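# A structural walkthrough
Now for the letters of each chain:
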Amino acid sequence: MTAPRLVARDLACRRGDRVLFRGVQLDLGPGEALHLAGANGIGKSSLIRILAGLMRPFAGTVERDGALALVDERLALDGHLPLGRALAFWHAIDRTAPGADDPFGLADLADVPVRYLSTGQKKRAALARLAAAQAPIWLLDEPLNGLDTAWAGQAQAGIEAHRAAGGLVVIASHQPLALAGLRTLAMADHVPAGEAANGEEDWA
Ligand SMILES: Nc1ncnc2c1ncn2[C@@H]1O[C@H](COP(=O)(O)OP(=O)(O)OP(=O)(O)O)[C@@H](O)[C@H]1O
């Protein structure tokens, strides 16, 4: 794996007429993991989308060395296909082959249409697709949502294996994370003065 790097300088994000955050800096290299922490609506998903290049920052820059893979609430698998064929579509595009070890326990679900999978099964499928993409930079928005304790442990083991292989990871999560040497970015520290720290307006 080529050594990845993800650097953000002075990032600010505006949505609608509100600046959600300002002055976000990060500099991540091989093996590192960063937890984006903060209340609902503070801007964690928005930051992930900016890092992924899906949204332009209001200010600041992002530099990236290495391919990235994203897991968020949108499942990038065709709901009408059986799971095995939906994953095979991506293997063909990524020029990868499914691993023999099946770390997310999907073999028994290969014939089930993606739209019939449970929330946790869909998340496991998204994580399997992520692991197969062989991208050194992982951007994960709530990767443990919907997973039971055992699968949440397995997902974190997958993250640790990715780091051990030289990958880096940014994780927005409300779930506790048991990852070695995890750094934390407290989004509340970057809310501009005068904005609500939880991103919620006063609707009264
Ligand atoms: N297209 C949009 N236009 C205007 N505001 C938006 C848009 N999309 C999201 N927002 C607002 O931006 C804010 C940040 O949303 P975001 O999804 O980044 O928060 P979050 O920290 O990931 O929240 P959660 O913990 O609930 O997932 C929210 O107040 C949301 O309502």
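Computed from a prediction, not measured in an experiment: that's the story for all the values here. (Residues numbered from 1 in each chain as written. Predicted model: local features only at pLDDT ≥ 70, side-chain atom pairs only at ≥ 80, totals over all residues. Heavy atoms only, no water.)

### Focus: the site of the ligand
In the neighbourhood of the ligand, 14 residues make up the surrounding shell, with Gly41, Lys44, Ser45, Ser46 and His174 lying closest. Take Gly41: an N or O atom from its main chain is 2.8 Å from an oxygen atom of the ligand. Considering the ligand on its own, with 650 Å² of exposed area, one finds that the protein chains cover 61% of that surface. Every element with two or more residues in the shell around the ligand is listed here: strand E2 (18–28) and helix H1 (44–51). In terms of residue count, H1 provides more of the shell around the ligand than any other element does, three residues in total. (Near = heavy atom within 4 Å. Polar contact = N/O pair within 3.5 Å; in protein donor to acceptor, adjacent residues only side chain to side chain. Areas by Shrake-Rupley, 256 points an atom, 1.4 Å probe, with all protein chains shown as cover. Helix = DSSP H or I, 4+ residues; strand = E, 2+ residues; numbered from the N terminus.)

### Some remarks on the packing of aromatic side chains
For the structure on display, the rule yields one aromatic pair. With a centroid separation of 5.4 Å and an interplanar angle of 85°, the aromatic rings of Phe89 and Trp90 are classed as edge-to-face. Overall, Phe89 belongs to the partly exposed group, its relative accessible area being 46%. When the ring centre of Tyr116 is taken as reference, the NZ or CZ atom of Arg115 above it lies at 4.7 Å. Taking NZ or CZ as reference, Arg129 lies 3.8 Å from the ring centre of Trp90, over its face. (Phe/Tyr/Trp six-rings, centres within 6.5 Å; stacked < 30°, edge-to-face > 60°. Buried < 20%, exposed > 50% of the residue type's maximum accessible area, 1.4 Å probe, protein only. Lys NZ or Arg CZ within 6 Å of the ring centre and 35° of its normal.)

### Examining the domain arrangement of the protein chain
Accessible area lost on assembly of the parts is the figure often given for the size of an interface. Partitioning the protein chain into domains gives domain 1 (1–67 + 137–199) and domain 2 (74–134). Taking the mean C-alpha position of each, domain 1 and domain 2 sit 24 Å from one another. The interface is formed by twelve residues belonging to domain 1 together with eleven residues belonging to domain 2. Each partner contributes to the roughly 960 Å² buried at the junction of domain 1 and domain 2, and carbon and sulfur atoms together form 69% of this total. (Domains from an automatic or database assignment. Contact = heavy atoms within 4.5 Å. Buried area = accessible area lost by both parts, 1.4 Å probe.)

### Some remarks on the sheet that holds strand E7 (residues 168–172)
One open sheet holds the five strands; their spatial order is E5-E6-E7-E3-E8, and the pairing between them is parallel. Across the chains shown, the open sheet's two edge strands, defined by having one partner strand only, are strand E5 (68–71) and strand E8 (183–186). For this sheet, the mean inter-axis angle between neighbouring strands, taken without regard to orientation, is 15°. Sheet topology note: the strand E3 (residues 33–37)/E8 ladder contains four bridges and is parallel. From the neighbouring strand, Leu36 faces E8, where its bridge partner is Leu185. Here H1 sits on the sheet in contact with E3, E5, strand E6 (137–141), E7 and E8, set at roughly 155° to E6. (Pairing = 2+ DSSP bridges. Axes fitted to C-alpha atoms, helices over the stretch in contact; angles between N-to-C directions.)

### Thoughts on the pattern of salt bridges
Under the defined criterion, the tally for this structure stands at six salt bridges. Notably, a salt bridge pairs Arg163 with Glu160, separated by 2.7 Å at the nearest N-O pair. Here the residue Arg163 and the residue Glu160 both occupy positions in helix H4 (residues 149–164), the gap between them amounting to three residues, near one helical turn. Since its relative accessible area comes to 11%, Arg163 is described here as buried. (Salt bridge = Lys/Arg side-chain N within 4 Å of Asp/Glu carboxyl O.)

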